[in-house]
Amino acid sequence: MFDTKIAIIVRDDLATWQKLNVTAFLMSGITGANPDLIGAPYADRDGNAHLPMSVQPVIVLSGASNVLTNIRNRARSRGVETVAYIKEMFATGHDEANRAVFAEHGPDEPNTVGIALRADKKIVDKITKGTKMHG
C-alpha cells in the first residue's frame, strides 16, 4: 500500500522508559520532515475530537550499539535522511541543549541509542539489516 517504510530502531540495552522516550522523539522528527504523513482528525462515537495520527504504519526494531552505528552510516552513504538520538541527550533538558551535545559527537561513535528513517521499502530493509523486531 505504501512505497516507503518508516523504521525506528532503538538500542536493545536501554531501559523501557528510554526506549519509549527515544521512539517518541524520533517519530516527531519523521513527522516534522514529512507533514503529508498526518491524516485527518479522529472522532469517537460520542463526537469527542482527537488529534490526527500518521497515516503510515511504523515498524519498531532493535539492535546492539554497533548495529545502530552501522545503520547511521549506511543511511548516510545512501543519502537517506535520518533522525538520530544519542546517549548524551538523556542528560539534557531541552532542545537547544540536545542540539549542542549532538554537535559534539560524530556518526562513528558508539553512542547512537535510536535512529529513524523513511525511504523506499527496499532501501530501508537494506539499511536496517542486522536488526530484529522490537519485542
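Structure: above.
Note that the coordinates shown come from a computational prediction; the quantities given were computed from them, not determined experimentally. (Residues numbered from 1 in each chain as written. Predicted model: local features only at pLDDT ≥ 70, side-chain atom pairs only at ≥ 80, totals over all residues. Heavy atoms only, no water.)

J.: Describe the nonpolar core, and please don't skip the residues or the numbers.
T.: Note that soluble globular proteins tend to have their nonpolar side chains buried in a common cluster. Ile8, Val22, Leu26, Ile30, Tyr85 and Ala116 are the most contacted members of the largest nonpolar core, which has 16 residues in total. Taken together, the elements giving at least two residues each to this core come down to β1 (4-11), α1 (16-33), β5 (82-86) and β6 (112-120). No other element matches the four residues that α1 contributes to this core. If sequence neighbours within four positions are ignored, Val22 has contacts with Val10, Tyr85, Phe90, Val113 and Gly114. Ranked by size, the runner-up nonpolar core spans 13 residues in total, among them Ala7, Ala75, Val80 and Ala119. (Core = buried A, V, L, I, M, F, W, Y, C linked by side-chain atoms within 4.5 Å. Buried < 20%, exposed > 50% of the residue type's maximum accessible area, 1.4 Å probe, protein only. Helix = DSSP H or I, 4+ residues; strand = E, 2+ residues; numbered from the N terminus. Contact = heavy atoms within 4.5 Å.)

J.: Please give an account of the pattern of salt bridges that cites residues and values.
T.: Opposite charge on two side chains allows them to pair when their charged atoms are near. Applying the stated criterion to the full structure yields five salt bridges. One salt bridge in this structure joins Lys5 and Asp125, with 2.5 Å as the shortest N-O distance. Of this pair, Lys5 sits in strand β1 while Asp125 sits in helix α4 (residues 121-127), placing them 120 residues apart in sequence. By relative accessible area, Lys5 is classed as partly exposed at 23%. (Salt bridge = Lys/Arg side-chain N within 4 Å of Asp/Glu carboxyl O.)

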